[in-house]
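Letter by letter, the chains look like this.
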Amino acid sequence: MRIARQEQRVSLAPDLLAAVAATLEEWQAAGKIGRLWARDPTLWTDGDEARWLGWLDVVPRQLEQAPALAGLASELGREGFTDALLLGMGGSSLGPEVLERTFGRVPGRPRLHVLDSTDPAQVRSFESRVDLARTLVVVSSKSGSTLEPNILKAYFWERVSRVVKPENAGAHFVAITDPDSQLHREAAGQGFRRIFFGEPGIGGRYSVLSAFGMVPAAILGVDVARLLAGAEEMAAACAPSETVERNPGVVLGAVLGTLGRAGLNKVTIVASPPVVALGAWLEQLLAESTGKSGRGLVPVDREPLGGPDVYGSDRLFVYVRHTCGVDGTQDEAVEALRQAGRPVVEIAVDDAYDLGREFFRWEIATAVAGSILGIHPFDQPDVEASKVATRELTDAYERTGSLPLETPLLEEDSLALFADASYAASGLGMAAGGDATLARCLRAHLAGLTPGDYFAVLAYIEMNEAHESELKQLRRIVRDTRRVATCVGFGPRFLHSTGQVYKGGPDTGVFLQVTCDDPVDLPVPGRSYTFGVVKAAQARGDFAVLVERGRRALRVHLKGDATEGLRALTRVVATAAA
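Conventions adopted
- For every chain, the first residue of the written sequence is number 1, and numbering continues from 1 onward in sequence order.
- For this predicted model, a pLDDT threshold of at least 70 governs which residues receive local features, and a threshold of 80 or more governs which side-chain atom pairs are given and counted, while totals over whole chains, interfaces and linings are taken from all residues.
- To get the side-chain values, take all heavy atoms of the structure and skip hydrogens and water.
- Helix and strand assignments follow DSSP, with helices taken as H or I runs no shorter than four residues and strands as E runs no shorter than two, numbered in order from the N terminus.
- Each radius of gyration is computed over the set of C-alpha atoms, and the globule rule expresses the reference value as 2.2 Å times the number of residues to the power 0.38.
- Throughout, a residue-residue contact means that at least one pair of heavy atoms, one from each residue, lies within 4.5 Å.
- Each accessible area value is a Shrake-Rupley result obtained with a 1.4 Å probe; residue values ignore everything except the protein chains displayed when judging cover.
- Being paired, for any two strands, means DSSP has found at least two bridges between them.
- Structural elements are reduced to axes, namely lines fitted to C-alpha atoms, with helices fitted over the stretch in contact, and the angle between N-to-C directions of any two is expressed from 0 to 180 degrees.
- Within this scheme, the nonpolar core is defined by two criteria: the residues are buried Ala, Val, Leu, Ile, Met, Phe, Trp, Tyr or Cys, and they are joined through side-chain atoms within 4.5 Å.
- Only protein chains enter the accessibility calculation, which uses a 1.4 Å probe; a residue whose area is less than 20% of its type maximum is buried, one above 50% is exposed, and one in between is partly exposed.
- Charge counting follows a simple rule: Lys and Arg are positive, Asp and Glu are negative, and His as well as the terminal groups are ignored.
- Here a salt bridge means any side-chain nitrogen of Lys or Arg lying within 4 Å of a carboxyl oxygen belonging to Asp or Glu.
- With the strands pointing away from the viewer, any crossover whose connection runs clockwise from the first strand over the helix to the second is right-handed.
- To estimate the expected span of a helix, subtract one from its residue number and multiply by 1.5 Å.
- Polar contact is defined as a pair of N or O atoms within 3.5 Å, subject to the rule that within protein one atom must be able to donate a hydrogen and the other to accept it, and that residues adjacent in sequence are counted only when both atoms are side-chain atoms.
- Scored between 0 and 100, pLDDT is the confidence that the predictor attaches to each residue.
- Paired rings are identified among Phe, Tyr and Trp, the last through its six-membered ring, by centres lying within 6.5 Å, and are further divided according to the angle between planes into stacked (under 30 degrees), edge-to-face (over 60) and tilted (the rest).
- Geometrically, a lysine NZ or arginine CZ counts as sitting over a ring once it is within 6 Å of the ring centre and also within 35 degrees of the ring normal.

1. Observations regarding the overall build of the protein
Then, number 1: Broken down by element type, the protein carries 20 helices and 17 strands.
Then, number 2: Taken against the 2.2 N^0.38 rule, which gives 25 Å for 578 residues, the C-alpha radius of gyration of the protein at 23 Å falls within 12% of a compact globule.
Then, number 3: Overall, the protein is about 70 × 65 × 45 Å in size when its C-alpha atoms are taken along their principal axes.
Then, number 4: Contacts in the protein between residues at least 24 apart in sequence constitute 79% of all its contacts with a sequence separation of at least 6.
Then, number 5: Total accessible area on the protein is roughly 20400 Å²; 50% of this is exposed by carbon and sulfur atoms.

Given below as structure tokens:
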């Protein structure tokens, strides 16, 4: 099956190909493409889906704004802004991050930095990269009430005010939010340079082609009209006027949904180096849209590639191949998977501006997959649970000045192990007074992985190259010894992304949460708690919800230097997995 115009190639075993063909025939016969574009909620759960489909026709409206956005970019250049620091979370940050990492620095325009963490080391690292006197701070939050961008805004408002004087601070800030949100009101009151509005009918993870993606793109120096033209082309290719077999978004969605329903729900993303950042955006779109009611697609991004024999039978591989930035090793590995009969979807992109069409292709595909899976692809019912748990802990800290005391199950050198008492006894076999070791506990934890399961590391540590490299090695160890999919999420950003499928999707995850000391903390202006306290509360709240949902979860705390602690943990995991 090949769609030449959109360069989408699907390679499936005969039985899977027949199942996808049957799905497409059913979509054609029932007129489901037309029903999708008509915003018919009965295509999904007959709930409130219709109110969340504004992304279907947002491109023409954004094209009308392209000249004004280009004017903003020129204005910033004339005024000498060298950097732009975007503060956001989830749908407000992941799209801009893809654009920044794919396009890089555009000459004559500010360098864009995307900060979506409460880790104090990461906040300090981002602050050290910019000259605040020549930096535009972009506060991006659809609801305007999300914890992370709000405390980051408070912190950087204070820091910028010290540098340029309070009366001049507003000229260094821009807001992107929905009309009449808390952020809208605060930005107007504080005299922000500009306030850009999102559309209430577009959810965060579908908002990249709206102001939430296009304003940062323009600031970065991207030709917004050209980027949107690609999205407009893809929208036309996905319209009801096209037959299903020539509709790239519907074909991709049919593959995702049909294979997902058949148990091949570990969507393993392989992307050429120039577009590797797209995976983080796809993670949120797929996980948060489909991972609910015990069903869902589990996206697997940046897992080291291996030979066909290290993978279970629950994988669907998606290869986003950049025709001008091909990695020969990836090509060989993907071809080996294809020859071994593994399901592979290959999508060709030619340059960075093809991101516009990919954003729209995947939004259509996700909506189609949601219909096939029988879920509401535009809500996120389990994300709020962690927010509530975090809020309870931060409120308690403000009342008492401390978080509740914790006692580890055991400690070895720089590592401390925590687990729910019930899981410690049943899952780890820890009896009172036993001679448990960290390696034995992790061995028991990993032994719980069975075919069809996945292993996820939830890392509440600074997101940097050293930590990503070490976690990649840890993933490889588990993948190669247990033959299961492996995922990594940096906290708290994954809470607004894959956290939904971890808590609301299939109960097939085995989780290892990693936390660390914060030797240097940062205050949150106007609050008694600090960034380190917020991060700790988010980790504890996240773990509590996993336990409440009956998920198999352990937590390892790294004492002292986080990088050294992570290396020690990888060594213990290697011993446990052997």
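This is not the end of the story, as more comes after the structure.
2. Observations concerning the sheet that holds strand E6 (residues 173-177)
Then, number 1: The parallel open sheet is built from five strands, whose spatial order is E4-E3-E5-E6-E7. Each having just a single partner strand, strand E4 (111-115) and strand E7 (194-197) make up the two edges of the open sheet. If you compare each strand with its neighbour and ignore which way they point, the axes differ by 20 degrees on average.
Then, number 2: As paired strands, strand E3 (residues 83-87) and strand E5 (residues 135-140) are joined by five bridges and run parallel to one another. Across the sheet, the residue bridging to Leu 87 is Val 139, located in E5.

3. Section: the nonpolar core
Then, number 1: Ranked by size, the top nonpolar core spans 96 residues in total, and within it Trp 55, Leu 209, Leu 256, Trp 281 and Trp 362 carry the most contacts.
Then, number 2: Element by element, the count of residues in this core is highest for helix H13 (residues 355-373), at 11 residues.
Then, number 3: Those residues within four positions of Trp 281 in sequence are excluded, and the remaining contacts are Leu 94, Gly 95, Val 98, Arg 205, Val 208, Phe 359, Trp 362 and Glu 363.
Then, number 4: Membership of the second largest hydrophobic core comes to 41 residues, among which are Leu 415, Leu 438, Ile 477 and Leu 512.

4. Topic: the side chain of Glu 363
Then, number 1: Checked against the element boundaries, Glu 363 lands in helix H13.
Then, number 2: For the buried Glu 363, no salt bridge exists, and the shortest N-O distance to an oppositely charged side chain is 9.4 Å, to Arg 205.
Then, number 3: Filtering out sequence-adjacent residues up to four positions away, Glu 363 remains in contact with Trp 55, Arg 205, Tyr 206, Ser 207, Val 208, Leu 209, Trp 281 and Leu 285.

5. Description of the pairing of strand E10 (residues 315-322)
Then, number 1: Burial within E10 is extensive, with seven of its eight residues counted as buried.
Then, number 2: Summarising the sheet, strand E8 (residues 266-271) and E10 pair through six bridges and their orientation is parallel. Pairing of Ile 269 across the sheet is with Val 318, part of E10.
Then, number 3: In this fold, E10 hands off to helix H12 (residues 328-339), which returns the chain to strand E11 (residues 344-349); that crossover is right-handed.

6. Comments concerning the sheet that holds strand E13 (residues 415-418)
Then, number 1: In space, the six strands of this open sheet follow the order E12-E13-E17-E16-E14-E15, with mixed pairing throughout. Of all strands in the sheet, those bounded by a partner on one side alone are strand E12 (410-412) and strand E15 (485-490). Each adjacent strand pair in this sheet contributes to an overall mean axis angle of 20 degrees, direction not counted.
Then, number 2: The strands that helix H17 (residues 465-482) touches are strand E14 (454-459) and E15; relative to E15, the one it contacts most, it runs at about 155 degrees.
Then, number 3: Helix-sheet contacts for helix H19 (residues 531-548) involve E13, E14, strand E16 (509-516) and strand E17 (552-558), and the interaxial angle to E16 is about 160 degrees.

7. Let's talk about helix H11 (residues 278-290)
Then, number 1: The first and last C-alpha atoms of H11 sit 18 Å apart over 13 residues, in line with the 18 Å expected at 1.5 Å per residue.
Then, number 2: For H11, a buried count of 13 out of 13 residues is recorded, marking the element as mostly surrounded by other parts of the structure.

8. With respect to H17
Then, number 1: The end-to-end C-alpha separation of H17 is 26 Å, in line with the 26 Å expected for 18 residues at 1.5 Å each.
Then, number 2: Taken as a whole, H17 has its buried residues at His 467, Glu 470, Leu 471, Leu 474, Arg 475, Ile 477, Val 478 and Arg 479.
Then, number 3: Where H17 is buried, its residues touch strand E9 (298-301), E10, helix H16 (438-447), E14, E15 and helix H20 (562-577).
Then, number 4: Backbone nitrogen of Ala 466 and a side-chain oxygen of the N-cap are separated by 3.3 Å at the start of H17; the cap is Asn 464.
Then, number 5: Downstream of H17 by a residue or two, Arg 483 has a phi angle that is positive, lying close to 55 degrees.

9. Things to note about the environment of Leu 285
Then, number 1: Mapped onto the fold, Leu 285 is located in helix H11.
Then, number 2: On the basis of relative accessibility, which here comes to 0%, the residue Leu 285 falls in the buried class.
Then, number 3: Between the C-alpha atoms of Leu 285 and Gly 91, which are 194 residues apart in sequence, the distance is 8.6 Å.
Then, number 4: Beyond its immediate chain neighbours, meaning those up to four positions away, Leu 285 contacts Arg 205, Tyr 206, Trp 362, Glu 363 and Thr 366.

10. Focus: the confidence of the model for the protein
Then, number 1: Chain-level statistics for the protein give a pLDDT mean of 96 and a share of 98% at 70 or above.
Then, number 2: Low confidence marks residues 1-5, where pLDDT is under 50. Its contacts with residues over four positions away, or in another chain, come to 19 contacts.

11. Examining the packing of aromatic side chains
Then, number 1: Inspection of every chain in the model, using the stated rule, returns 19 aromatic pairs.
Then, number 2: Aromatic pair Trp 44 and Phe 378: ring centres 5.4 Å apart, planes at 75 degrees, arrangement edge-to-face. One end of the pair, Trp 44, is in the loop between helix H2 (32-37) and helix H3 (58-78); the other, Phe 378, is in the loop between H13 and helix H14 (383-400), with 334 residues separating them in the sequence. For the pair formed by Trp 44 and Phe 378, the shared burial category is buried.
Then, number 3: In textbook terms, an aromatic cluster arises when at least three aromatic residues are bridged by ring pairs, as seen for Trp 37, Trp 44, Trp 55, Tyr 206, Phe 360 and Phe 378.
Then, number 4: The ring centre of Phe 126 lies 4.1 Å from the NZ or CZ of Arg 129, which sits over that ring.

12. Comments concerning the pattern of salt bridges
Then, number 1: Applying the stated criterion across every chain, the model contains 45 salt bridges.
Then, number 2: Between Glu 75 and Arg 194 there is a salt bridge; the shortest N-O distance is 2.7 Å. You can see Glu 75 sitting in helix H3 and its partner Arg 194 sitting in strand E7, a full 119 residues away along the chain.
Then, number 3: Judged by its relative accessible area of 14%, Glu 75 is buried.
Then, number 4: Accessibility expressed as a relative area gives 28% for Arg 194, which makes it partly exposed.
Then, number 5: The residue Arg 159 makes a salt bridge to Glu 127 at a minimum N-O spacing of 2.7 Å. Taken together, the positions of Arg 159 in helix H6 (residues 147-164) and Glu 127 in helix H5 (residues 120-128) put the pair 32 residues apart, joining distant regions of the chain.
Then, number 6: By relative accessible area, Glu 127 is classed as buried at 12%.
Then, number 7: Because the salt bridges share partners, they merge into one network encompassing Arg 39, Asp 57, Arg 61 and Glu 199.

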